[in-house]
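Structural overview for review
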Amino acid sequence: MSTIADVARRAGVSKMTVSRVINNSGYISPDTRERVEQAIAELGYIPNALARSLRFKQTQTIALIVTDITNPFFTTIARGVEDTASEHGFSVIFCNTDESREEEQEYVRVLIQKQIDGLLLVPARSTPDSIALLQDKTIPVVLLDRTIPGRPADTVRCDSELGAYHLVRHLIELGHRRIAVLSGPDEVTTATDRVAGWRRALLEAGLPALDDLVHYGAFSVDGGYQMARQALAGKPRPTALFTANNFIAVGAMHALREAGLRVPEDISLVTFDDLPPTMAIDPFFTAAMQPAYEMGQQATLLLLNRLEGKGPETTQELILPPQFVYRRSSGPPPPEDR
Ligand code: XLF
């Protein structure tokens, strides 16, 4: 196996220079860096990560815990995290909790043992257990997408309340009066914030925000299907649905098709999250789109700053605005409901 001395010999530089290139420290001319990198590649040299981590007390590794790795929103976040982390010489460990608090706790324990430098966490529930564990060990953590009420922490998220408010206002402007909301679990802040935006839009328009129009369930296709079936059983039936994420929207569409309802002629549907262009052949949903890539990027930068001891002493919250796209899934209510 090659050593740092072999790399130095092949590149015609000192071991100190090789070490500087590997650790990204001190000035190295582009030409020297290139020679060292080429020697590393030719010799297949792997720096001793353990020795480095002992010396710098850092493993140059961060972790990202998401709640549903099958959701394109989270894979796009992961892309933003990975690109930014690797630009700064960090590796990323990815973990998926399937929206389970227990899985999350387990992962946090394992990651602490693996001596990660910091964690980006999409909390499965609004409970402080995981960040308490990390904060006890003084491991920096940045929350992504969701918050934990009553537990201040660095956070990067999209404005869920505002996004929901605008989507529901759009439906009201089209003439809808009975709009059901199909949301995620009521212990998750993105789910409750989106219901809050729905409520604000209705109350502002002088419409009652009736409890029987609010459905909490899973952020999943099946969750959307089940909630839509409940909503369609309401009397009178809602003329529009606001779904709180992309998977709920897809599940709701299954239920609407099964019930023989046309969108938007018989019932309108607006949703949080768009489907990525690679999945939607004929984009159809009126949607509030979250800047997922940027969220991953910004959260990583915030975490890396914390690792360097930078930033204010108080926690920082970055709230990014959603963007709106108005498509064919929303239209005026049927004539008999106007
Ligand atoms: O936390 C929510 C769940 O679903 C997140 O923002 C998402 O909307 C992503 O699809």
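Just so it is clear, the structure is predicted and the values come from calculations on it, not from any experiment.

Structural notes on unusual backbone geometry
- Cis geometry marks the peptide bond from Lys235 to Pro236, where omega comes out at -5°.
- Mapped onto the fold, Pro236 is located in the loop between helix H10 (221–232) and strand E8 (240–243).
- Following Val263, the chain continues into Pro264 via a peptide bond in cis, with omega recorded as 5°.
- Phi is positive for Gln60, close to 55°, though the residue is something other than glycine.
- Relative to the helices and strands, Gln60 resides in the loop between helix H4 (49–56) and strand E1 (61–66).

Details of the environment of Leu133
- Tracing the backbone through its elements, the reader meets Leu133 in helix H7 (residues 129–136).
- In this structure Leu133 comes out as partly exposed when scored by relative accessible area, which is 25%.
- Between the C-alpha atoms of Leu133 and Ala244, which are 111 residues apart in sequence, the distance is 30 Å.
- Leave out the neighbours within four places in its chain, and Leu133 touches Gln105, Val108, Arg109 and Ile112.

Re the sheet that holds strand E7 (residues 214–216)
- Pairing in this open sheet of six strands is mixed, and the strands run E7-E6-E8-E9-E10-E12 from one edge to the other. The strands lining the two open edges of the sheet, one partner per strand, are E7 and strand E12 (323–325). Ignoring strand direction, the axes of neighbouring strands in this sheet form an average angle of 15°.
- Judged from the four bridges that link them, strand E6 (residues 179–183) and E8 form a sheet pairing that is parallel. Bridging across to E8, Ala180 finds its partner in Leu241.
- Each of E6, E8, strand E9 (268–272), strand E10 (286–289) and E12 touches helix H8 (residues 160–173); the most contacted strand, E9, lies at about 165° to it.
- Contacts from helix H11 (residues 246–258) reach E6, E8 and E9 within the one sheet, and its direction differs from that of E9 by about 160°.

Topic: the domain arrangement of the protein chain
- Taken as a whole, the protein chain is organised into domain 1 (4–47), domain 2 (58–159 + 293–321) and domain 3 (160–290 + 324–337).
- Taking only C-alpha atoms into account, the centre of domain 2 sits 29 Å from that of domain 3.
- Opposite the 17 residues of domain 2 that make contact, domain 3 presents 20 residues.
- Both faces considered, domain 2 and domain 3 share a buried interface measuring about 1,400 Å² in area, 52% of it formed by carbon and sulfur atoms.
- By the criterion of area lost to domain 3, the three top residues of domain 2 are Pro72, Arg125 and Asp159, representing 35% of everything that side buries.
- Between domain 2 and domain 3 we count two salt bridges in total.
- Between Asp193 and Arg157 there is a salt bridge; the shortest N-O distance is 4.0 Å.
- Linking domain 2 with domain 3 are eight residue pairs in polar contact (both at pLDDT 80 or more).
- Listed by contribution, the elements that provide at least two residues to the side of domain 2 that touches domain 3 are helix H5 (72–87) and strand E5 (154–158).
- Considered class by class, the residues forming the side of domain 2 that touches domain 3 number six nonpolar, four polar and seven charged.

Describing the nonpolar core
- Ile179, Trp198, Leu241, Phe242, Leu256 and Leu269 are the most contacted members of the largest nonpolar core, which has 44 residues in total.
- Not counting chain neighbours up to four residues away, the residues in contact with Trp198 comprise Ala164, Val168, Ile179, Ala180, Val181, Ala209, Leu210, Leu213, Val214 and Phe242.
- The next biggest cluster of nonpolar side chains, apart from the first, holds 25 residues, and it includes Ile62, Ile77, Val142 and Leu302.

Definitions and limits used
Residues numbered from 1 in each chain as written. Predicted model: local features only at pLDDT ≥ 70, side-chain atom pairs only at ≥ 80, totals over all residues. Heavy atoms only, no water. Helix = DSSP H or I, 4+ residues; strand = E, 2+ residues; numbered from the N terminus. Buried < 20%, exposed > 50% of the residue type's maximum accessible area, 1.4 Å probe, protein only. Contact = heavy atoms within 4.5 Å. Pairing = 2+ DSSP bridges. Axes fitted to C-alpha atoms, helices over the stretch in contact; angles between N-to-C directions. Domains from an automatic or database assignment. Buried area = accessible area lost by both parts, 1.4 Å probe. Salt bridge = Lys/Arg side-chain N within 4 Å of Asp/Glu carboxyl O. Polar contact = N/O pair within 3.5 Å; in protein donor to acceptor, adjacent residues only side chain to side chain. Nonpolar A, V, L, I, M, F, W, Y, C, P; charged D, E, K, R; others polar. Core = buried A, V, L, I, M, F, W, Y, C linked by side-chain atoms within 4.5 Å.

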